[in-house]
Amino acid sequence: MKILVATEKPFAAAAVNGIREICQAAGHEVALLEKYSSKEQLLEAVADADALIVRSDKVTQEVIDAAKRLKIVVRAGAGYDNIALDACTEHGITAMNTPGQNSNAVAELAVAMMIYMSRNCFTPGTGSEISGKRLGIQAYGNVGRLVAAKAKALGMEVTAFDPFVPAEKMREDGVTPAETVEEMYAGCNFISLHIPATPETRGSIGYDLLSRMPQGGCLVNTARKEVINEAELEKALTDRTDLKYVTDIAADCQAELNEKFGKRVFATPKKMGAETAEANVNAGLAAARQIVDFFATGCTRFKVNK
Ligand code: 3PG
């Protein structure tokens with residue numbers, strides 16, 4: 001089988017080598033399309049692929065239609081909002097993710113972002129410490145749990161809101177479950193977002209929640225830009241001159257935010273939450289193993305489409 005690794009943002013070399021080894025040992029062929037700059041390149045490369053490994057690359061209906069031999073696509077990472085799941089289902093293609101494999105890298109970045117914003121973006125001036133501050137985790141999944149553990153080790157008080165996780169599980173981790181998301185925003189100096197981009201969450205973080213935050217509150221987004229209502233974020237930052245926003249996924253209006261709010265906002269130039277050698281290896285090799293298993297045994301353990 002031909003396995004295409006298509007990554008606009010390439011994996012570390014160690015991950016690419018590991019993917020090759022796993023796939024070739026099982027008798028498969030690996031093709032690499034890295035740093036491509038046009039959709040056409042992906043459409044051409046995918047035409048004769050039996051399997052596809054991607055990161056945040058957009059696997060649209062058009063890509064799926066062009067992939068005449070495709071049987072499986074694996075998103076090497078957690079969020080699969082970049083994959084046209086219905087198109088996969090329609091063509092009998094299995095779509096998977098690799099949950100948990102890059103979570104630690106993202107969690108470390110969330111903690112780093114809190115410190116960066118507390119220390120005036122590492123520019124001169126008196127900052128503050130995160131120890132003793134209250135952190136609210138929105139969605140207590142793989143990344144949220146790791147952020148909670150790291151924040152607790154750094155002396156923060158941690159609360160979490162997640163309607164899909166039992167309160168008891170949070171308490172076992174020394175995390176206080178919030179009854180409502182509004183209550184969590186009202187009580188926390190920092191909110192760290194770990195919700196996926198879904199029809200329910202898109203645009204769900206806006207003025208009402210942000211304006212509940214205490215003086216100096218900071219929203220940390222290592223999740224997706226789509227969950228933010230950008231117009232309302234801008235209004236909240238305008239009305240509340242103490243609020244801060246730090247993100248790993250620049251807002252569409254980021255240039256305007258930077259100009260208007262200076263050091264109260266910060267966006268990484270390119271999404272870097274999962275940009276560690278460790279996360280690349282973990283997610284990339286997991287994707288390769290899942291594909292090898294799928295072809296060898298039909299295993300669909302991490303399937304995310306119907
Ligand atoms: C994920 O959903 O796994 C993260 O957002 C990482 O995305 P990336 O592979 O584009 O860095």
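Scoring rules and cut-offs
- Per chain, the residues get numbers from 1 upward, laid out in the order the sequence is written.
- The predicted origin of the model limits local features to residues at a pLDDT of at least 70 and limits the giving and counting of side-chain atom pairs to 80 or more, whereas totals for whole chains, interfaces and linings rest on all residues.
- By convention in this description, side-chain values take in all heavy atoms of the structure and omit both hydrogens and water.
- Throughout this document, a residue counts as near a molecule or strand when at least one of its heavy atoms sits within 4 Å of that molecule or strand.
- Two N or O atoms form a polar contact when they lie within 3.5 Å of each other; inside protein one atom must be a possible hydrogen donor and the other a possible acceptor, and for residues adjacent in sequence the pair counts only when both atoms belong to side chains.
- Surface accessibility follows the Shrake-Rupley procedure with a 1.4 Å probe radius. Residue values consider only the protein chains on display as shielding.
- Each residue is assigned to one of three groups, with Ala, Val, Leu, Ile, Met, Phe, Trp, Tyr, Cys and Pro labelled nonpolar, Asp, Glu, Lys and Arg labelled charged, and all others, Gly among them, labelled polar.
- Whether a residue is buried, partly exposed or exposed follows from its accessible area with a 1.4 Å probe, protein chains only, as a fraction of its type maximum: under 20%, in between, or over 50%, in that order.
- Per the convention used, a helix needs a DSSP run of H or I reaching at least four residues, while a strand needs a run of E reaching at least two, with both numbered from the N terminus.
- In this scheme, strands are said to pair when DSSP sees at least two bridges between them.
- A fitted line through C-alpha atoms represents every axis, and for helices the fit uses only the stretch in contact; the resulting angles, taken between N-to-C directions, go from 0 to 180 degrees.
- For this analysis, residues touch if any pair of their heavy atoms sits within 4.5 Å.
- Note that domain bounds follow an automatic or database assignment of domains.
- Two parts placed together each lose some accessible area; with a 1.4 Å probe, that loss summed over both constitutes the buried area.
- We define a salt bridge as a contact between a side-chain nitrogen of Lys or Arg and a carboxyl oxygen of Asp or Glu at a distance within 4 Å.
- Working definition: a ring pair exists when centres of Phe, Tyr or Trp rings (six-membered ring for Trp) sit within 6.5 Å. Plane angles under 30 degrees give stacked, over 60 give edge-to-face, the rest tilted.
- Whether a charge lies above a ring is judged from NZ of Lys or CZ of Arg, which has to be within 6 Å of the ring centre and within 35 degrees of the ring normal.
- Count a disulfide wherever a pair of cysteine sulfur atoms falls within 2.5 Å.

As a further point, take the site of the ligand. The full set of residues close to the ligand is Lys9, Arg55, Ser56, Arg75, Gly77, Ala78, Gly79, Asn102, Arg224, Lys271 and Ala274. Within the side chain of Lys9, a nitrogen or oxygen atom sits 2.8 Å from an oxygen atom of the ligand. Within the side chain of Asn102, an N or O atom sits 2.9 Å from an oxygen atom of the ligand. If the ligand stood free it would expose 320 Å²; the protein chains cover 94% of that surface. Considered class by class, the residues forming the shell around the ligand number two nonpolar, four polar and five charged.

Taking every second residue as pointing to the same face, both faces of strand S9 (residues 190–193) are buried, with Phe190 and Ser192 on one and Ile191 and Leu193 on the other. Sheet analysis places strand S6 (residues 134–138) next to S9, joined by four bridges and oriented parallel. Its bridge partner being in S9, Ile137 is matched across the sheet by Ser192. Taken together, the four bridges between S9 and strand S10 (residues 218–221) define a ladder with parallel strand orientation. Across the sheet, the residue bridging to Ile191 is Leu219, located in S10.

What follows deals with the sheet that holds strand S3 (residues 51–54). If you walk across this open sheet you meet the five strands as S2-S1-S3-S4-S5, and the pairing is parallel. In this open sheet, the two edge strands, each paired with only one partner strand, are strand S2 (29–34) and strand S5 (94–97). Looking at each pair of strands side by side, their axes are set apart by 15° on average, direction ignored. As paired elements, strand S1 (residues 2–7) and S3 share four bridges and run parallel to each other. Within S3, the position partnered with Leu4 by the bridge is Leu52. Strand contacts of helix H1 (residues 13–25): S1, S2 and S3, with the helix running at about 155° to S2, the strand carrying the most contacts.

What follows is about the domain arrangement of the chain. Domain annotation for the chain reports domain 1 (2–101 + 276–297) and domain 2 (103–267). The distance between the C-alpha centroids of domain 1 and domain 2 comes to 31 Å. Contacts between the two partners involve eight residues from domain 1, matched on the other side by six residues from domain 2. In total, about 480 Å² of surface goes out of reach between domain 1 and domain 2, with carbon and sulfur atoms giving 44% of it. On the domain 1 side of the interface with domain 2, the three residues burying the most area are Asp81, Gly100 and Thr276, jointly 69% of the side's total. At the junction of domain 1 with domain 2, the criterion picks out one salt bridge. When the shortest N-O distance is used, the salt bridge between Asp81 and Arg224 registers 3.1 Å. The tally of links between domain 1 and domain 2 comes to two residue pairs in polar contact (both at pLDDT 80 or more). The class makeup of the residues in the side of domain 1 that touches domain 2 is two nonpolar, four polar and two charged.

Turning our attention to the packing of aromatic side chains. Taken as a whole, this structure holds three aromatic pairs when the rule is applied. Ring centres of Phe294 and Phe295 lie 5.5 Å apart, and the angle between their planes is 65°; on these two criteria the pair is classed as edge-to-face. Of the residues examined, Phe295 reaches a relative accessible area of 22% and is grouped as partly exposed. Pairwise contacts between aromatic rings join Tyr116, Phe122 and Phe266 into one cluster. Against the face of Tyr207 rests Lys235, its NZ or CZ located 4.8 Å from the ring centre.

On to the state of the cysteines. The tally for this structure, following the rule as stated, stands at zero disulfides. Cys218 provides the cysteine sulfur closest to Cys121, a residue in no disulfide bond, and the two sulfurs are 9.2 Å apart. On the basis of relative accessibility, which here comes to 10%, the residue Cys121 falls in the buried class. Left without a disulfide partner, Cys299 is nearest to the cysteine sulfur of Cys23, which lies 15 Å away. According to the relative accessible area criterion, Cys299 is partly exposed, its value standing at 31%.

Taken together, seven strands build an open sheet; the order of strands is S8-S7-S6-S9-S10-S11-S12 and the sheet is parallel. The open sheet has two edge strands with one neighbour each: strand S8 (176–177) and strand S12 (265–267). Together, strand S11 (244–247) and S12 form the strand contacts of helix H11 (residues 254–261), whose direction differs from that of S12 by roughly 145°.

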